[in-house]
Amino acid sequence: MSIPESAPTLRLLGGAVIQTGDTPLGGPAAHRHRLALLALLAVNGRPMSRDKLVAFLWPERDTEHARNLLKTAVHELRKLLAENAILSIGDQLSIDPTLLRCDVTEFEAAVAAKDYVAAASLYVGPFLDGFFLRNASEFEHWVDAKRKRLADSYARVIEHLPVEPVTRGEARAAAPPAAAPGRIARPGRLQVASVLALGVAAMLTGSTRGSDRPASSITLAGAAPVILPDSEPGHALEVDGTTANPSTA
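Reading the values: rules and limits
- Throughout, a residue's number is its position along its own chain's written sequence, starting from 1.
- Local features in a predicted model are, by the rule used here, given only for residues with pLDDT of at least 70; side-chain atom pairs are given and counted only at 80 or more, and totals for whole chains, interfaces and linings are based on all residues.
- Computation of side-chain values covers all heavy atoms of the structure but excludes hydrogens and water.
- Secondary structure follows DSSP: runs of H or I at least 4 residues long count as helices, runs of E at least 2 residues long count as strands, and numbering of each begins at the N terminus.
- Burial classes follow relative accessibility: with a 1.4 Å probe on protein chains only, a residue under 20% of its type's maximum area counts as buried, one over 50% as exposed, and anything between as partly exposed.
- Residue contacts are counted whenever heavy atoms from the two residues lie within 4.5 Å of one another.
- A 1.4 Å probe and the Shrake-Rupley method give the accessible areas. Residues count as covered only by the protein chains that appear here.
- Stacked, edge-to-face and tilted labels apply to pairs of Phe, Tyr and Trp rings (six-membered ring for Trp) whose centres lie within 6.5 Å, assigned for plane angles under 30 degrees, over 60, and everything in between, in that order.
- Any two strands with at least two DSSP bridges between them are considered paired.
- The angle between two axes is taken between their N-to-C directions and runs from 0 to 180 degrees, where each axis is a line fitted to C-alpha atoms and a helix contributes only its stretch in contact.
- By the definition adopted for this analysis, an angle is roughly parallel if under 35 degrees, roughly antiparallel if over 145, roughly perpendicular if from 65 to 115, and oblique otherwise.
- Residue type decides the class: Asp, Glu, Lys and Arg count as charged, Ala, Val, Leu, Ile, Met, Phe, Trp, Tyr, Cys and Pro as nonpolar, and the leftover types, Gly among them, as polar.
- The arc refers to the directions leading from the helix axis to the C-beta atoms.
- We define a nonpolar core as any set of buried Ala, Val, Leu, Ile, Met, Phe, Trp, Tyr and Cys residues linked to one another through side-chain atoms lying within 4.5 Å.

Now for the overall build of the chain. Looking only at helices and strands, the chain features eight helices and eleven strands. Looking at the 249 residues of the chain, the share that counts as buried comes to 34%. Once local pairs closer than 6 in sequence are excluded, the contacts in the chain between residues at least 24 apart make up 59%. Summed over its atoms, the accessible surface of the chain is roughly 14900 Å², and 55% of this surface lies on carbon and sulfur atoms.

Here the focus is the packing of aromatic side chains. Scanning the model with the defined rule gives five aromatic pairs in all. Relative to Trp 142, the ring of Phe 139 has its centre 5.8 Å away and its plane inclined at 35°; by these criteria the two rings are tilted. Here Trp 142 and Phe 139 lie together in helix α6 (residues 137-160), a separation of three residues that amounts to about one turn. Taken as a pair, Phe 139 and Trp 142 share a single burial class, namely buried.

Turning our eyes to something else, we now look at unusual backbone geometry. Positive phi, close to 60°, is recorded for Lys 114, a residue that is not glycine. Even without glycine at this site, Leu 128 takes up a positive phi of about 50°. Its location among the elements puts Leu 128 in the loop between α5 (116-122) and α6.

Here the focus is the pairing of strand β5 (residues 86-89). By the bridge criterion, four bridges tie β5 to strand β6 (residues 92-95) in an arrangement that is antiparallel. Residue Ile 89 lies in a different strand from β6, and its bridge partner there is Gln 92.

Looking now at the sheet that holds strand β3 (residues 23-24). Sheet architecture is open: four strands sit in the order β3-β2-β1-β7, paired in mixed fashion. Each edge of the sheet is formed by a strand with only one pairing partner; in this case those strands are β3 and β7 (101-102). Contacts from helix α1 (residues 32-44) reach β1 (9-11), β2 (17-20) and β7, with the element oriented near 100° to β1.

Looking now at the packing of helix α2 (residues 50-57) against α6. Two elements in contact, α2 and α6, have axes separated by 6 Å at closest approach and are oriented at 90°. On the basis of the axis angle, α2 is roughly perpendicular to α6. On α6, the residues that touch Ala 55, Phe 56 and Leu 57 of α2 are Glu 138, Phe 139 and Trp 142. Looking at the contact of α2 with α6 residue by residue, the classes come out as five nonpolar, no polar and one charged.

Turning our attention to helix α4 (residues 103-112). Within α4, the full set of buried residues consists of Asp 103, Val 104, Phe 107 and Ala 110. The buried residues of α4 occupy one face: seen down the axis, they fall within an arc of 125°. Looking at the packing, one finds that the buried side of α4 touches β1, α1, β7, α5 and α6. At the C-terminal side of α4, Lys 114 shows a positive phi close to 60°.

Orientation of α2 relative to helix α3 (residues 63-80), taken along the N-to-C sense of each, is 95°, at an axis distance of 10 Å. The angle between α2 and α3 falls in the class roughly perpendicular. Contact with α2, carried on its side by Arg 50, Asp 51, Leu 53 and Val 54, involves Ala 66, Arg 67 and Leu 70 of α3 and no other residues of that element.

Counting residues in hydrophobic clusters, the biggest one holds 50 residues, and the most contacted among them are Phe 127 and Phe 139. Of all the secondary structure elements, the ones that give two or more residues to this core are α1, α2, α3, β6, α4, α5 and α6. A per-element tally of this core places α1 first, with nine residues. When near neighbours in sequence (up to four residues on either side) are disregarded, Phe 127 contacts Leu 12, Leu 13, Val 43, Val 104, Trp 142, Val 143, Lys 146, Arg 147 and Leu 150.

Mapped onto the elements of the fold, Asp 115 is located in the loop between α4 and α5. Between the alpha carbons of Asp 115 and His 160 there is a distance of 9.5 Å; along the sequence they are 45 residues apart.

Spelled out as structure tokens, the structure:
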């Protein structure tokens, strides 16, 4: 089935919005119950009865009032999208997928086709993330179940994504610079600050004193050994030959 690129898109992964191109539609298109109606019809992929739809969307309303709300929602959405975007088949409603695209159905189709790169690009967040309807517990249960199934599918997609090969040039660029022969690389400021903090904590708690040695040392990758003082006052902290007072910030 060919879907025109110009067709509006119902985006339900990472939120809920109708877009034309890259432009989200506001006004009637942003009404929560109308978005929820489109989500039910588009994601289920099959006709749903009006009674079931009002039970999902307006459970607190009496039947007549709920059906009027559904009728109004369908009318407004047809004006926004296209007259045949929502089809009536007896007492059931369905979506014409050639007139309204949906990222969920496209994601599931990509997974089924094992096009894992396309599937990963479509999954930009959890299903209907941050979207809810007040007093619509059955709708919320449906959302939770669908959200979990889609998240599980995405986890499997990630496992199948190809790993980008690393060239030798990229590996050399990513590797830390080697120290010159005969020299010990100086630790960076962050390394020194972290170890100074460890040393001060050690002086306050006496945690470096062992039963048979007065001091301990820490060696960071690419840095000179750092001597942690024992718990007695007056001892200094030595970093790469530089002495620091316990009061040093």
